[in-house]
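# Fold and geometry: a report
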Amino acid sequence: MKKEWMACVAASLLLPGVVQAGTAADMQPLADKNGCFACHGMQTKLVGPGFAEVAARYKGDSEAAERLGKKIREGGKGVWGPVPMPAHGNLGEADARKLAEWVLSVG
Ligand code: HEC
């Protein structure tokens, strides 16, 4: 019983990311395929920051897309807390950059 309840809570925590990600129809499948939503909600923090929080933080930073694209590929920690983001070396540079630009456009 308790286990089912926990699963339900976990599912509802993940849901906002899944539902709202539909706004960028072409980017969501790429993010989904690469497991981004396991750790990021569109608005809210899961393991890593919500994508809207990331966009707000780097608003007006013209170099953010390049930096974040690199970080998505190589991983890193220390900006949002002690938990590291693992590297996504399987992503090509162009895809990582596209994902970074998309994250920065989330509001
Ligand atoms: C295993 C969990 C995990 C996965 C999977 C993951 N991330 Fe992260 N992500 C994190 C954590 C934790 C941080 C915060 C790192 C920090 O504090 O520097 C983060 C940070 C970020 C940031 C902000 C970086 C910064 O320096 O401000 C972006 C953008 C990002 N992730 C995008 C993505 C994308 C796109 C994907 C899918 C390709 C992805 N993440 C997959 C955990 C994850």
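Structure: see above.
None of these values were measured; they are calculated from a predicted model.

## Quick word on the coordination of the iron atom of the ligand
- In this structure, H40 (NE2) and M85 (SD) serve as the protein donors to the iron atom of the ligand, at separations of 2.0 Å.
- If you look at the iron atom of the ligand, its 6 donor atoms make angles of 87 to 179° with each other, and the shape they trace is octahedral. Of the two residues, H40 is situated in the loop between α2 (27–33) and α3 (51–57) and M85 in the loop between α4 (64–74) and α5 (93–105); the sequence distance between them amounts to 45 residues.
- For H40, a relative accessible area of 11% translates into the label buried.

## Comments concerning the layout of surface pockets
- Reported here for the largest pocket is a volume of approximately 550 Å³.
- If you go around the largest pocket, you meet 29 residues; those closest to its centre are H40, G48, P49, K71 and M85.
- Of all the secondary-structure elements, those providing two or more residues to the lining of the largest pocket are α3, α4 and α5.
- Looking at the lining of the largest pocket residue by residue, the class counts come to 18 nonpolar, 8 polar and 3 charged.

Here is what the cut-offs are and how they apply
- Residues numbered from 1 in each chain as written.
- Predicted model: local features only at pLDDT ≥ 70, side-chain atom pairs only at ≥ 80, totals over all residues.
- Heavy atoms only, no water.
- Donors = N, O, S within 2.8 Å, 3.2 Å for Na, K, Ca; no water.
- Tetrahedral: all angles 85-135°; square planar, octahedral: opposite > 155°, others 65-115°.
- Helix = DSSP H or I, 4+ residues; strand = E, 2+ residues; numbered from the N terminus.
- Buried < 20%, exposed > 50% of the residue type's maximum accessible area, 1.4 Å probe, protein only.
- 1 Å grid on protein atoms, 1.4 Å probe; cavity = no way out; pocket = protein on both sides within 12 Å on 5 of 7 lines; lining within 4 Å.
- Points joined across faces, edges and corners; volume = space filled by probe spheres on them.
- Nonpolar A, V, L, I, M, F, W, Y, C, P; charged D, E, K, R; others polar.

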